Each structure stands twice: as C-alpha cells, then as structure tokens.
Amino acid sequence: YAFFDSSLAREFADVAASHGADCRIADDPVGGWVATIPDNLAESVLDALDDCYERLQQEQAVRATAEEGWVTKRIAGVQVVVADGSLRTVRLDADIANRLLAAFTPEEAQALVQAIVRNLENPSEGPLCKTLPP
C-alpha cells in the first residue's frame, strides 16, 4: 500500500493494528511510504484494510490537489518482488498505466510487470516454446 502522506500511512497502520494485523511502514525509494501487511490475513481483515486504503487514497487525492506543487507530475507505479526478496516499485508513465488498467485488473497488471521483472532477472536463451523451470 503506497502513501505520499506519512499521517495517512500511520492511520492505515493503526487500522491494521485494530484488526490484529502487523503493519510495517517503510520509505519508498520512489518517494513516500509503503505499508506492508502479512500475506496470511483473514479475508474479512483484508476487505477492511482494502476499504480503509480506498478511503485514504481519496483523502490523499484531496490533499494532493490542495497542496501547491504536489500535482505537477503524473506517475504511477507497480510493486514487484525482486530476486533477493525485496519489494521494489516499477515507475510507469500515468498515461501508460491508465491504458494498462483499462485492459487489465490491478492484479493482472501487477502479474504482467512481475513476469517482466522475473524474465529480466533470469533471461532465457532459445525459442519461446522451450519449457522453463518455475
């Protein structure tokens, strides 16, 4: 979960804690903060956190519009896991991201970018029909 306002990131972490979920906030190398939660949370907790994130994103948009200089660039990002297990954000031009999301769900777009990163980290020589190890 990406945030550009630290108070909103902390609010998200507080909501996660109220649901018994551990939430870690870290600086995002692209800018802002990233909140991470465990993968094994109950569906009801994930739904509550997704609802909270959507509400906070709306608040973040309001704040960004009101803050002079915040909306001078339009960018988007997709988070991926690299070979060493760390989380990275792949920056995308906003127009390209919008076109991508017009054709794919966010999960499908993330899977596509993740596949590109995985193939760049582990290039394969030879024909496409060659079976690769997982």
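Everything discussed here concerns the structure shown above.
Note that the structure is a prediction, hence the values are computed from the model and not measured.

Caption draft 1: Here's a closer look at the pattern of salt bridges. With the rule as written, the count across this model stands at 2 salt bridges. For glutamate 11, the salt bridge goes to arginine 55, with nearest N and O atoms at 3.1 Å. Within this pair, whereas glutamate 11 is found in helix α1 (residues 6-18), its partner arginine 55 is found in helix α2 (residues 43-66), the two being separated by 44 residues in sequence. Note on arginine 55: relative accessible area 41%, which makes it partly exposed. Arginine 24 is the salt-bridge partner of aspartate 22, the closest N and O atoms lying 3.3 Å from each other.

Caption draft 2: The arrangement of the packing of α1 against α2 in detail. Close contact between α1 and α2 brings their axes to 10 Å; oriented N to C, the two are set at 165°. Our classification of the angle between α1 and α2 gives roughly antiparallel. Classified by chirality, the crossing of α2 by α1 is right-handed. Across from Ser7, Leu8, Glu11, Phe12, Val15 and Ala16 in α1, the residues of α2 making contact are Leu49, Cys52, Tyr53, Arg55, Leu56, Glu59, Gln60 and Arg63. Class assignment for the residues of the contact of α1 with α2 results in 8 nonpolar, 2 polar and 4 charged.

Rules used in this analysis
Note on numbering: residues in each chain are counted from 1, in written sequence order. With the structure being a predicted model, the display of local features is reserved for residues of pLDDT at least 70 and the display and counting of side-chain atom pairs for 80 or more, all residues being used for whole-chain, interface and lining totals. Each side-chain value is worked out from all heavy atoms of the structure, with water and hydrogens disregarded. Within this document, salt bridges are pairs made up of a side-chain nitrogen of Lys or Arg and a carboxyl oxygen of Asp or Glu, the two lying within 4 Å of each other. Under the scheme used here, helices are H or I runs from DSSP no shorter than 4 residues and strands are E runs no shorter than 2 residues, and both carry numbers assigned from the N terminus. Throughout, exposure labels follow a simple rule: accessible area from a 1.4 Å probe, protein chains only, divided by the maximum for the residue type, with under 20% read as buried, over 50% as exposed, and the rest as partly exposed. To obtain each axis, a line is fitted to C-alpha atoms, and for helices this fit is confined to the stretch in contact; angles are then taken between N-to-C directions over 0 to 180 degrees. Should an angle fall under 35 degrees it is called roughly parallel, over 145 degrees roughly antiparallel, and 65 to 115 degrees roughly perpendicular, with every other angle called oblique. For a crossing to be left-handed, the near helix must be turned anticlockwise from the far one by less than a right angle; the clockwise case is right-handed. Contact between two residues is taken to exist if any of their heavy atoms lie within 4.5 Å; hydrogens are not considered. Following the grouping adopted for this structure description, the nonpolar residues are Ala, Val, Leu, Ile, Met, Phe, Trp, Tyr, Cys and Pro, the charged ones are Asp, Glu, Lys and Arg, and the polar ones are all others, Gly among them.

Distances and angles like these do not, on their own, reveal function.
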